[in-house]
Amino acid sequence: MGFSENFLWGTATASYQIEGGAFEGGRGYTVWDDFCRTPGKVFSMHNGDVACDHYHRYKEDVKMMADMGIQAYRFSIAWSRILPEGKGEVSQSGIDFYNALIDELLKYNIKPCLTLFHWDLPFALHRLGGWQNPEIVDWFAEYAAVAAKAFGDRVKFFMTFNEPQCFVGLGHVTGEHAPGNLMSRRSVLEMAHHVMMAHGKAVQAIRSLVPDAQIGYAPTSNPVIPATDSPEDIEAARKAYFAVEDKPDYMWSVSWWSDPVMFGRYPEDGLKLFEKDLPDFKPEDLKLMHQPLDFYGQNIYNGYKVKSDHKGGWETVQRPVGYPRTGNGWPVVPESLYWGPRFLYERYQKPIVITENGCCCADVVSLDGKVHDPNRIDFYHRYLRELGRAIEDGVKVDAYFAWSVVDNFEWAKGYSDRFGMVYVDFETQERILKDSAYWYSEVIKNNGANLADIH
Ligand code: BGC
């Protein structure tokens, strides 16, 4: 199926979603701790205080991954665990926790892949204006330097931001995520600008401290699939994928969030669209955002189809009646793992890393004590075949991280939505490998060759 010998098969998690130990080891309060305590925000007022108790069970979790044959583990570190106030004093016990986790991973030859920011902003920084305050560029670089110094002797794979569109857009445009305070378009564009500058400055900090690091960025997108293989439809899909459009949730653009980082410039259509609300962008800001990267990460869960409108534009193709959906209602669109990587590689010319892909299912423990999740297996099977096809067609893809290894705190959905290959009983913290975990082990063992088989 085209996967090279060096291809990395991994899984991904995020600190707030799995760690728990929210008030242990001197960890500082975060925007998510606070959001979960705000009535009406999170399903059943669930929170990440205990989550999967990974803070205490990381050894068991790493062993489980080793048993599954996982080669790389993408995890995020909690900024407020190592800098409780977000800047200034470093917490040694926070550093100790991640050191122990990293050492445990290395003991089993699992490559530690570190994301600096997966949404749990220290509350102390939020009080100072969070992403709105231009000083956050320096705060983030300071944090990156602390992490690089502490872990860079063993961690060589870094990602700056996970899905910046989400913590800026869902956090400040729709209010579904923390901190949930709605802001004007101008303020939101300013935040996005600060985020990308913070990315640039963090890359510089990591580079100077860990010269042999591989560094990337992990935004998200819903790839656009051409309705047919005609050159016209392919061009229509390409245009639709990279267009900046005026939508209520306008922060979901690929190019607005990646062109500055990858090219050092904002996309023209976006500059025109946001003209009236544009903050004061200085050319040196864009220079800072545009740092050399080793790979371009992308979280991909689904996509949609378009066809050419024969006037140089596109039309969205309606989904068929009864189209397949996951347990949380997201459309199942395996071709997004073909067209997404293909278009992104073509535009940005960097090796692609699929930093997340996976699906929610209504998992239950059956009478036989096992968790049978054929829909999740089918989902992964279909998506990974498409990724293999993209590689065969010349797209350079270095790694794939399944979301997620364990069921966890699914943000506004609390513990109601399960994405893991391992079932977690949140009352007892018992872990049960689902059928998909065994299936994924086989895929890894065969380096994807068995994806060609139907079963
Ligand atoms: C996020 C994860 C989340 C997953 C499923 C991604 O948007 O990065 O934190 O759990 O999707 O919703």
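Conventions adopted
- Residues numbered from 1 in each chain as written.
- Predicted model: local features only at pLDDT ≥ 70, side-chain atom pairs only at ≥ 80, totals over all residues.
- Heavy atoms only, no water.
- Helix = DSSP H or I, 4+ residues; strand = E, 2+ residues; numbered from the N terminus.
- Buried < 20%, exposed > 50% of the residue type's maximum accessible area, 1.4 Å probe, protein only.
- Polar contact = N/O pair within 3.5 Å; in protein donor to acceptor, adjacent residues only side chain to side chain.
- Contact = heavy atoms within 4.5 Å.
- Phe/Tyr/Trp six-rings, centres within 6.5 Å; stacked < 30°, edge-to-face > 60°.
- Near = heavy atom within 4 Å.
- Areas by Shrake-Rupley, 256 points an atom, 1.4 Å probe, with all protein chains shown as cover.
- Pairing = 2+ DSSP bridges.
- Axes fitted to C-alpha atoms, helices over the stretch in contact; angles between N-to-C directions.
- UniProt positions renumbered as here; feature names shortened; annotations may be inferred.
- Disulfide = S-S within 2.5 Å.

A. Geometry of the side chain of His-193. One can find His-193 in helix 9 (residues 185-209). The exposure class of His-193 is buried, given its relative accessible area of 4%. Looking at His-193, its side chain comes within polar contact range of the side chain of Tyr-266, at 2.7 Å. At 2.8 Å, the side chain of His-193 forms a polar contact with the side chain of Asp-285. With near-sequence residues (within four places) excluded, His-193 lies in contact with Tyr-266, Phe-281, Asp-285 and Met-289.

B. Layout of the packing of aromatic side chains. Evaluation of the coordinates by the stated rule reveals 53 aromatic pairs. Between Trp-79 and Phe-117, the ring centres sit 6.1 Å apart and the planes meet at 85 degrees, which makes this aromatic pair edge-to-face. Highlighted residues: Trp-79 in helix 4 (residues 79-82) and Phe-117 in strand 3 (residues 111-117), separated in sequence by 38 residues. Here Trp-79 falls in the buried class, since its relative accessible area comes to 0%. Residue class for Phe-117 comes out buried when judged on its relative accessible area of 1%. Between the aromatic rings of Tyr-98 and Phe-151, the centroid separation amounts to 6.2 Å while the plane-to-plane angle is 75 degrees, which identifies the pairing as edge-to-face. Of the two residues, Tyr-98 sits in helix 5 (residues 92-107) while Phe-151 sits in helix 7 (residues 136-151), which places them 53 residues apart along the sequence. Look at Tyr-98 and you get buried, because its relative accessible area is 0%. Judged by its relative accessible area of 0%, Phe-151 falls in the buried class.

C. Layout of the site of the ligand. Within the structure, the ligand sits among 13 residues, and Gln-17, His-118, Glu-163, Glu-410 and Trp-411 are positioned closest to it. In the environment of the ligand, an oxygen atom lies 2.7 Å from a nitrogen or oxygen atom belonging to the side chain of Gln-17. A distance of 2.9 Å separates an oxygen atom of the ligand from a polar atom in the side chain of Glu-356. Look at the ligand: alone it shows 310 Å² of surface, and the protein chains cover 94% of it.

D. Molecular detail of the sheet that holds strand 7 (residues 296-299). Taken together, the eight strands give an open sheet; going across it, the order is 5-4-3-2-1-11-10-7, and neighbouring strands pair in parallel fashion. Of all strands in the sheet, those with a lone pairing partner are strand 5 (214-218) and strand 7, marking the two edges. Between one strand axis and the next, the sheet turns by 25 degrees as a mean value, whatever way the strands run. Note that strand 1 (residues 8-12) and strand 11 (residues 397-403) share five bridges and pair parallel. Residue pairing in the sheet places Trp-9 in a bridge with Tyr-400 of strand 11.

E. Just the UniProt feature "active site" (unreviewed entry) in the protein, in detail. The UniProt record annotates "active site" (unreviewed entry) at Glu-163 and Glu-356. Their sequence span is 194 residues, while the largest C-alpha to C-alpha distance among them is just 10.1 Å; these annotated residues converge on one region. Tracing the backbone shows Glu-163 in the loop between strand 4 (157-162) and helix 8 (164-174). Those residues within four positions of Glu-163 in sequence are excluded, and the remaining contacts are Trp-119, Ala-218, Pro-219, Thr-220, Asn-299, Tyr-301 and Glu-356. Of the residues examined, Glu-356 reaches a relative accessible area of 4% and is grouped as buried. With sequence-adjacent residues up to four places away left out, Glu-356 is seen in contact with Ala-12, Arg-74, His-118, Asn-162, Glu-163, Gln-298, Asn-299, Ile-300, Tyr-301, Phe-401 and Trp-403. Of the polar contacts made by the side chain of Glu-356, one reaches the side chain of Arg-74; its length is 3.1 Å.

F. Up close: the state of the cysteines. Under the defined criterion, the tally for this structure stands at zero disulfides. Unpaired in terms of disulfides, Cys-166 finds its nearest cysteine sulfur in Cys-36, a separation of 16 Å. Looking at the unpaired Cys-361, the closest cysteine sulfur is the one in Cys-359, lying at 3.7 Å.

G. Focus on the UniProt feature "binding site: substrate" (unreviewed entry) in the protein. The UniProt feature table records "binding site: substrate" (unreviewed entry) at Gln-17, His-118, Asn-162, Tyr-301, Trp-403, Glu-410 and Trp-411. By the element assignment, Asn-162 lies in strand 4. With residues up to four places along the chain from it excluded, the contact list for Asn-162 reads Arg-74, Thr-115, Phe-117, His-118, Trp-119, Phe-167, Ala-218, Asn-299 and Glu-356. Here the side chain of Asn-162 touches Arg-74 through a polar contact of 2.9 Å, side chain to side chain. Within the secondary structure layout, Trp-403 lies in strand 11.

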